[in-house]
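The lines below spell out each chain.
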Amino acid sequence: GRRLRLATGAWSEWVEIVFRPGLGRRVRGLCRFRLLEAGEHVRLYATPLHLDPAHPALPVSHPRLYSVYLAKRLGGYATLGVAEDLAAANAGVLDGAAFLEQCQAYQAEREAMLWEALARTPRGLTVCVFDLVDRVQHLFWRQLDDGATDPGRLDPIRQTYAQLDALVGRVQQRLPAGAVLLVLSDHGFASFRWQVDLNAWLRQAGYLS
């Protein structure tokens, strides 16, 4: 029952999708659209559905009301564990530019949550996870594997590291005197050419019997 005006090659805002699975109950989700082509052929991309944080069918925060609070303060936001659609980028549905725009949109949401939390936490611990550099490297690091020697092809990775570095600087400026800032990384990144099937090796070595 809604009409959306979409521009080719641009992302829509979050759109509420309501399901009625039965017994009068309504389940709400969010998605964003990108009109890929509108000519002789029409191609329309929709993100995977996210649970609506303002009306979560399942808890997406703890306490449960925190997601509702953030939605009222900041509007809709991504709630999937991996919000950036790497599958669509790997399949060629989203090109590199569209994928980067999607990553940056979710990064902006996360930054808004960080500033909100810092402003309302005069004492104690505030933690925020940023996965921008991980998602960008998942898509663009492979450009090292095709024999390319142009260093400019790694610009998206370098730019996202610089972007997060600048964010650290802005956080430092907002912290009160004596506050401790910790910057942690849960893993590094490298080219991925080989993998080991540990169960197969254990079987071949006779350790599974």
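Structure's up top.
For the structure given in this document, a descriptive report is provided here. (Residues numbered from 1 in each chain as written. Predicted model: local features only at pLDDT ≥ 70, side-chain atom pairs only at ≥ 80, totals over all residues. Heavy atoms only, no water.)

### Quick notes on the pairing of strand E4 (residues 42–46)
One face of the sheet, then the other: side chains in a regular strand alternate in exactly this way.
Step number 1: Note that strand E3 (residues 33–38) and E4 share five bridges and pair antiparallel. Within E4, the position partnered with Glu-37 by the bridge is Arg-43.
Step number 2: Taken together, E3 and the strand that follows it, E4, pair antiparallel across an intervening segment of three residues. (Pairing = 2+ DSSP bridges. Helix = DSSP H or I, 4+ residues; strand = E, 2+ residues; numbered from the N terminus.)

### So, the sheet that holds strand E1 (residues 15–22)
Where strands meet in a sheet, backbone hydrogen bonds hold them as pairs that are either parallel or antiparallel.
Step number 1: Reading across from one edge, E1-E2-E5 is the order of the three strands in this open sheet, with antiparallel pairing throughout. The open sheet has two edge strands with one neighbour each: E1 and strand E5 (50–51).
Step number 2: Inspection of the sheet shows strand E2 (residues 25–31) paired to E5 by two bridges, in the antiparallel sense. The residue of E5 that forms the bridge with Leu-30 is His-50.

### Points about the nonpolar core
Step number 1: Residues Phe-99 and Leu-139 are the most contacted members of the largest nonpolar core, which totals 16 residues.
Step number 2: Going through the elements one at a time, helix H2 (86–90), helix H3 (96–119), helix H4 (132–140) and helix H5 (155–174) are the ones with two or more residues in this core.
Step number 3: If you tally residues by element for this core, the top one is H4, at five residues.
Step number 4: Setting aside its immediate chain neighbours within four residues, Leu-139 contacts Leu-86, Ala-89, Asn-90, Gly-96 and Phe-99. (Core = buried A, V, L, I, M, F, W, Y, C linked by side-chain atoms within 4.5 Å. Buried < 20%, exposed > 50% of the residue type's maximum accessible area, 1.4 Å probe, protein only. Contact = heavy atoms within 4.5 Å.)

### Focus on the environment of Val-136
Step number 1: Counting through the fold element by element, Val-136 comes out in helix H4.
Step number 2: A C-alpha to C-alpha distance of 10.0 Å links Val-136 and Gln-159, two positions 23 residues apart in sequence.
Step number 3: Residues in contact with Val-136, not counting those within four places in the same chain, are Leu-100, Trp-141, Pro-156, Ile-157 and Thr-160.

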